[in-house]
Amino acid sequence: MDTIEISGFELGVETFSLPSNKCRIKKYSTNDGTAFINVEKIPDEPLYYSFDGINGLCLTTKYGSVRKKNLLLELSSLDLSNEDSILHFLEDNGFFFPLQSTVSTFRLNDCTNILQRIIATTELISELGTIHPDIERITLSTLYLLLGERVEIYNEDSKRSVFTSPLHEAVNIINSSSIAINTDYDSDEAAEKGSYTIKDTVYNGTYELDADDYDSIISGEDPWHSNPENTDTLYRKLASVYKTNHNLNRNARRVIDFLFHYMYEVGVIKRIDYKDGIVYYNELESRNMNNHLKAALLVVARITVTNEINTIISRSVRPFFSANTLDTTWHATSLYAALFFSLFYMRPGKSVFKRCANPSCNKYFSVSSTNGRKIYCCKKCRDANNSRKHRIKVKTGT
């Protein structure tokens, strides 16, 4: 059973000034199979929001009465494989970003990817706040936010960029670097002891990097097709940056050191997707991390989630004080930013989001963190799953 530990929230009721309307969405595909959505803004149906200290981001009436509580909880319960459920959420609660024209066109895959980034960020905060964090889930969410396909939302009609997902400084350094060629000093060091001594944050000081392994990675050659990962450009650049770039800020260096050791010791990532997981060049029976790497992961996960949230909040949310009403309002440029505001005020451990134990139900529900016995979102799901278990028991005779 999946469990997301999440907080109560620290604010009272705060009003959001947020440009959004209900919309109608139609899905279609082009001849090459690319899926798009036409998003039609309904001008006479504006949407209103508030941030509630207990229920997070809420949908309200024009006069502030709560119509729907905790949009973050509803979003977390969406079935990522069910495109219609995602589109219904956007129709009812507003599109992620302001619609500049009556009808706007977007790539469906881009919209799914930004939804996945919110869920991955939520999961990271939740797991990092638990006593026994799920290392596998933290690994996937961290690596997805760092190395997953960068999301850039374009309005296909105006060709205007609406949103670009945050890119951590360390990943930008890797992508923009060239692959360093070994110097005479490198050759002498390798000849003398068969390794390079690297300043390293994962292994608390220095690490002896096998010279033959490094040279094989940097060369990018795989004549016997036994190490296809050595032809991966990102891996080659990462190895080069790991060995040569030591004048970086500490957080960037921590991310680079972790990524290199993860790929060098656990497996080189071929592609990564939050829904489908990590695909490696070579399939191994076990991909366990040692304790040094696990400790580094928890540090890098915190760095990653901090970068994701702070970047979105600093871009898109600001407080506003009205001299006329002597009241405060938060201005958010988009629903996406407002959802991240909910993440900004999460305090893990106060309450829990659990995925319903009924296999036919995909919903998360909120429950006190001290209530470990409640595993179903409602009585209907509890009864349905008990009936399913009984049928299996009768059929198998166990």
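Each remark here, short or long, concerns the structure printed above.
Residues numbered from 1 in each chain as written. Predicted model: local features only at pLDDT ≥ 70, side-chain atom pairs only at ≥ 80, totals over all residues. Heavy atoms only, no water.

Would you explain the sheet that holds strand β8 (residues 103-107) in this entry?
As a general point, the strands of a sheet are linked pairwise by backbone hydrogen bonds and lie either parallel or antiparallel. Reading across from one edge, β3-β4-β8 is the order of the three strands in this open sheet, with antiparallel pairing throughout. Bordering the open sheet on either side are β3 (21-29) and β8, each of which pairs with just one other strand. Neighbour-to-neighbour, the strand axes of the sheet open up by a mean angle of 25°, direction not taken into account. Note that β3 and strand β4 (residues 35-46) share eight bridges and pair antiparallel. Residue Ile25 lies in a different strand from β4, and its bridge partner there is Val39. (Pairing = 2+ DSSP bridges. Helix = DSSP H or I, 4+ residues; strand = E, 2+ residues; numbered from the N terminus. Axes fitted to C-alpha atoms, helices over the stretch in contact; angles between N-to-C directions.)

How should the packing of aromatic side chains be read in this particular structure?
Two aromatic rings, taken as a pair, are described by how far apart their centres are and by the angle between their planes. This structure, assessed with the given rule, holds 17 aromatic pairs. Here the aromatic rings of Phe96 and Tyr336 are separated by 6.0 Å at their centres, their planes lie at 85°, and the arrangement is edge-to-face. Here Tyr336 lies in helix α11 (residues 335-344) and Phe96 lies in the loop between α2 (83-93) and β8, a separation of 240 residues in the sequence. Considered together, Phe96 and Tyr336 belong to a single accessibility category, that of buried residues. Within the aromatic cluster, the residues linked to one another by ring pairs are Phe95, Phe96, Phe97, Phe106, Phe163, Tyr336 and Phe340. For Lys243, the ring lying beneath its charged end belongs to Tyr196, and the centroid distance is 4.6 Å. (Phe/Tyr/Trp six-rings, centres within 6.5 Å; stacked < 30°, edge-to-face > 60°. Buried < 20%, exposed > 50% of the residue type's maximum accessible area, 1.4 Å probe, protein only. Lys NZ or Arg CZ within 6 Å of the ring centre and 35° of its normal.)

Can you walk me through helix α5 (residues 169-176) in this structure?
Counting along an α-helix, one turn takes 3.6 residues, and residues three or four places apart therefore face a common direction. Residues Ala170, Val171, Ile173 and Ile174 constitute the buried set of α5. Viewed along the axis of α5, the buried residues span an arc of 155°, placing them on a single side of the element. (Arc of directions from axis to C-beta.)

How should the pairing of strand β6 (residues 56-60) be read in this particular structure?
The side chains of a regular strand alternate between both faces of the sheet. Most of β6 is tucked away: five of the five residues are buried. Across five bridges, the pairing between strand β5 (residues 48-52) and β6 is antiparallel. In the sheet register, Asp52 faces β6, and the bridge partner there is Gly56. Two elements, β6 and strand β7 (residues 66-68), share two bridges in a ladder whose sense is antiparallel. Looking at β7, one finds that Thr60 is bridged to Val66. Counting the residues between successive antiparallel strands, the hairpin from β6 to β7 contains five residues, one of them, Gly64, with a positive phi of roughly 100°.

In this structure, what is going on with the environment of Ile272? I would like to understand it.
Relative to the helices and strands, Ile272 is located in strand β13 (residues 269-273). It is 5.6 Å that separates the C-alpha atoms of Ile272 and Gly148, two residues lying 124 residues apart in sequence. Filtering out sequence-adjacent residues up to four positions away, Ile272 remains in contact with Leu140, Leu143, Tyr144, Leu147, Gly148, Gly277 and Ile278. (Contact = heavy atoms within 4.5 Å.)

Can you walk me through helix α4 (residues 135-147) in this structure?
Compared with an ideal rise of 1.5 Å per residue, which puts 13 residues at 18 Å, α4 spans 17 Å between its outermost C-alpha atoms and is within 8% of the ideal. Here α4 lies mainly inside the structure; ten of its 13 residues are buried. Taken together, the buried positions of α4 are Ile138, Thr139, Leu140, Ser141, Thr142, Leu143, Tyr144, Leu145, Leu146 and Leu147. Sitting at the head of α4, Asp134 places a side-chain oxygen 3.1 Å from the backbone nitrogen of Glu136. (Expected span 1.5 Å × (residues − 1). Polar contact = N/O pair within 3.5 Å; in protein donor to acceptor, adjacent residues only side chain to side chain.)

I tried to follow the nonpolar core on my own but got confused; where do I start?
Counting 102 residues, the largest nonpolar core has Phe96 and Phe258 as the members making the most contacts within it. Once you skip the residues sitting within four places of it in the chain, Phe96 turns out to touch Leu75, Leu90, Cys111, Ile114, Leu115, Ile118, Ser334, Leu335, Tyr336 and Leu339. (Core = buried A, V, L, I, M, F, W, Y, C linked by side-chain atoms within 4.5 Å.)

How do you make sense of the pattern of salt bridges when you look at a structure like this?
As a working rule, side chains carrying opposite charge can pair if their charged atoms are close by. By the definition in use, this model includes eleven salt bridges. The residue Glu40 makes a salt bridge to Arg24 at a minimum N-O spacing of 3.4 Å. With Glu40 in strand β4 and Arg24 in strand β3, this residue pair connects regions lying 16 residues apart in the sequence. With its nearest N and O atoms 2.8 Å apart, the salt bridge here joins Lys379 to Asp383. Here Lys379 pairs with Asp383, and both are found in helix α12 (residues 379-396), just four residues apart, close to one helical turn. Here the salt bridges do not stand alone but share partners, grouping Lys27, Glu83 and Asp84 into one network. (Salt bridge = Lys/Arg side-chain N within 4 Å of Asp/Glu carboxyl O.)

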